[in-house]
Amino acid sequence: MKNGRDPVIVGLADAPIEDGKFVTKASVLGHAALVAKAAVEEAGLTLDDVDGLLTAGMWGVPGPGQLATVTLGEYLGIMPTYVDGTNIGGSAFEAHVAHAAMALREGYCEVALIVYSSDQKSLRSRNLGGRPSVLSMQHETPYGMPTPVGGYAMAAQRHMHEYGTTSENLAEIAVATRKWAQLNPAATRRDPLSVDDVLSSTMISEPLHLLDCCLVTDGAGAIVMTTAERAKDLKTKPVGVKGYGEAHTHWAIGEMPDLARLLPAQKAGETAMKMAGVSHSDIDVVEVYDSFTITVLLTLEALGFCKIGEGGDFVSGQRTAPGGAFPMNTNGGGLSALHPGMYGMFLLIEATRQLRGVCGDRQVAGAETALVHGTGGTLSSGATVILQKD
Amino acid sequence: MSTEKPLPVIDHDSAPYWQAAHEGRLDIPLCGDCGKHHFYPRAICPHCHSDNLKFDTVSGRGEVHTFTIARRPAGPAFADDVPYVVALIELEEGPRMMSRIQTDDPEKVHIGAKVEVTFVKATDEITFPYFRMT
């Protein structure tokens, strides 16, 4: 049943990057502000219309980033009356869409702005020294645990042991994703890639190779949501937020309940699809977090696109590549397009663009329903959003 | 960036565990209500949420649940260790814990390998429970 307060996406923007770095000269907050302004203006709104502000990031910590929505609101010069600084890792923005949707339905805000910005590549600020050895991490960091790749490697190792998944299966994902990137002028890595290239790339943390890992880039993106009623007067064609779900289980990889099954994705996916009233066959395009190739495999299984343990077969034969039966990560993903640290924002932007039908060479024909799934932490959190062309 | 290896910042939950390791024992919490061990040490049992907990000396035996061979170090502090094996050990008593596998041949480590604890002194205060294959 349609309702005037049904949540919709009406604006989006992302910052241009070249060789993985911001093109425009601005601070990390400057980039947040520029994409925020562009996203609201695309919809025919202004920043003064924004009363809901949602953000998550890694900037300014310790310091002003500890109160991220407060600092961002100050920078933008606005006084939001609904805020959400939920930070569950790279899936935070899928959770933000869910929380903004509930706030919009409830009448708690009218225009919600979700923003992300990271200049980790330009700043060379990516922390290679591991997580501070306090609380739960005192039992992991001192052993030289490579983070985050080591946790994903341990999950891959376990999946290989239990189900016979191979490095070739994982490489298929990286190769298919690169083919999408080749169709996206904005993607960072567009040179050809083969399964052999992936398998012969440097071993980082066995069994994961360099080319099983996402890029390290800058990036900024923003999404504007409002109600279906308000959207009628705006400049863009709204995309409906039909369902959402979220869950998390652990941060320390030693606490992951089952290293070969992604329980948060299973829970979040079930909740979101039930709310939207859609089944797997209704989904035209899938955007799932690809921090590492294994992340994708575990996510597809947990979301129920194939049975647990059958992910290797599911992705083989370039099934997820352009022209394949299962269009996935159509911008080139975190593996080949960009990965500023918390990539979930860009899953949402790409899914919305696919449903708007503006993706050019990489457009999935007739895309009407999209599933977006973010994963954060070390396979820790999951949040699913179902988007639909109105 | 510091090239000194990170040491645990000990807190009230973990102090008895690190003290036992210093004395050459593997002590982890045991719940007086549900009878299950857990790791890492907490103030309440993560299985039944009871606070009726005491530290129990366990066998130090278990098996490799999963592992990775680090070919790139977790920062400069671990550069001289490469390649090294970080593993999740499933203890005979049930809980899993992260540790290192002490071995001259990382390629020989496999899931299901039987292991036992061995204590490696890092500083005058800190001793780590590592594991070796049996």
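Shown above is the structure to which this text applies.
Our subject in this report is the structure included herewith. This one's a predicted model, so the numbers in the text were calculated from it and none came from an experiment.

**Quick look at empty space enclosed by the protein**
One pass over the structure, following the stated rule, counts two cavities of 30 Å³ or more. In this structure, the largest cavity spans a volume of roughly 70 Å³. Forming the walls of the largest cavity are Ser 136, His 139, Glu 140, Ala 252, Gly 254 and Glu 255 of chain A together with Phe 39, Tyr 40, Arg 96, Met 97 and Met 98 of chain B. Its residues placed into classes, the lining of the largest cavity shows five nonpolar, three polar and three charged. If you trace the second largest cavity, you find it lined by Arg 131, Glu 140, Met 145, Pro 146, Thr 147, Pro 148, Gly 151, Ile 253 and Thr 378 of chain A. When its residues are assigned to classes, the lining of the second largest cavity shows four nonpolar, three polar and two charged.

**Remarks on the environment of Ala 43 of chain B**
Residues and elements named next belong to chain B. Looking at where Ala 43 falls in the secondary structure, it is placed in the loop between β1 (27-31) and β2 (53-57). Here Ala 43 falls in the exposed class, since its relative accessible area comes to 51%. When the C-alpha atoms of Ala 43 and Asp 81 are compared, they prove to be 34 Å apart, with 38 residues separating the residues in sequence. Beyond its immediate stretch of four places on either side in the chain, Ala 43 contacts Asp 13, Asp 51 and Leu 53.

**Digging into the side chain of Asp 290 of chain A**
All names here are of chain A. Along the chain, Asp 290 falls in the loop between β11 (285-288) and α10 (293-302). Here Asp 290 sits buried without a salt bridge, and the closest side chain of opposite charge, Arg 178, lies 9.7 Å off (N-O distance). Among the polar contacts listed, one links the side chain of Asp 290 to the backbone nitrogen of Gly 334, at a separation of 2.6 Å. Polar side-chain contacts of Asp 290 include one of 3.3 Å to the backbone nitrogen of Leu 335.

**Details of the interface of chain A and chain B**
Think of interface size as the accessible area that goes away when the parts come together; that is how it is often given. Tallying the contact residues gives 32 residues for chain A and 38 residues for chain B. Buried surface at the junction of chain A and chain B, summed over both partners, amounts to about 3,000 Å²; 60% is from carbon and sulfur atoms. Where chain A meets chain B, there are two salt bridges. Between Glu 206 of chain A and Arg 71 of chain B there is a salt bridge whose closest N-O contact spans 2.6 Å. Among the secondary structure elements, those contributing two or more residues to the side of chain A that touches chain B are α5 (149-163) and β7 (203-205) of chain A. The element best represented in the side of chain A that touches chain B is α5 of chain A, accounting for six residues. The residue inventory of the side of chain A that touches chain B, partitioned by class, reads 15 nonpolar, 13 polar and four charged.

Cut-off values and rules
- Residues numbered from 1 in each chain as written.
- Chains lettered and ligands numbered in written order.
- Predicted model: local features only at pLDDT ≥ 70, side-chain atom pairs only at ≥ 80, totals over all residues.
- Heavy atoms only, no water.
- 1 Å grid on protein atoms, 1.4 Å probe; cavity = no way out; pocket = protein on both sides within 12 Å on 5 of 7 lines; lining within 4 Å.
- Points joined across faces, edges and corners; volume = space filled by probe spheres on them.
- Nonpolar A, V, L, I, M, F, W, Y, C, P; charged D, E, K, R; others polar.
- Helix = DSSP H or I, 4+ residues; strand = E, 2+ residues; numbered from the N terminus.
- Buried < 20%, exposed > 50% of the residue type's maximum accessible area, 1.4 Å probe, protein only.
- Contact = heavy atoms within 4.5 Å.
- Lys, Arg positive; Asp, Glu negative; His and termini not counted.
- Salt bridge = Lys/Arg side-chain N within 4 Å of Asp/Glu carboxyl O.
- Polar contact = N/O pair within 3.5 Å; in protein donor to acceptor, adjacent residues only side chain to side chain.
- Buried area = accessible area lost by both parts, 1.4 Å probe.

Coordinates in, geometry out; function isn't part of it.
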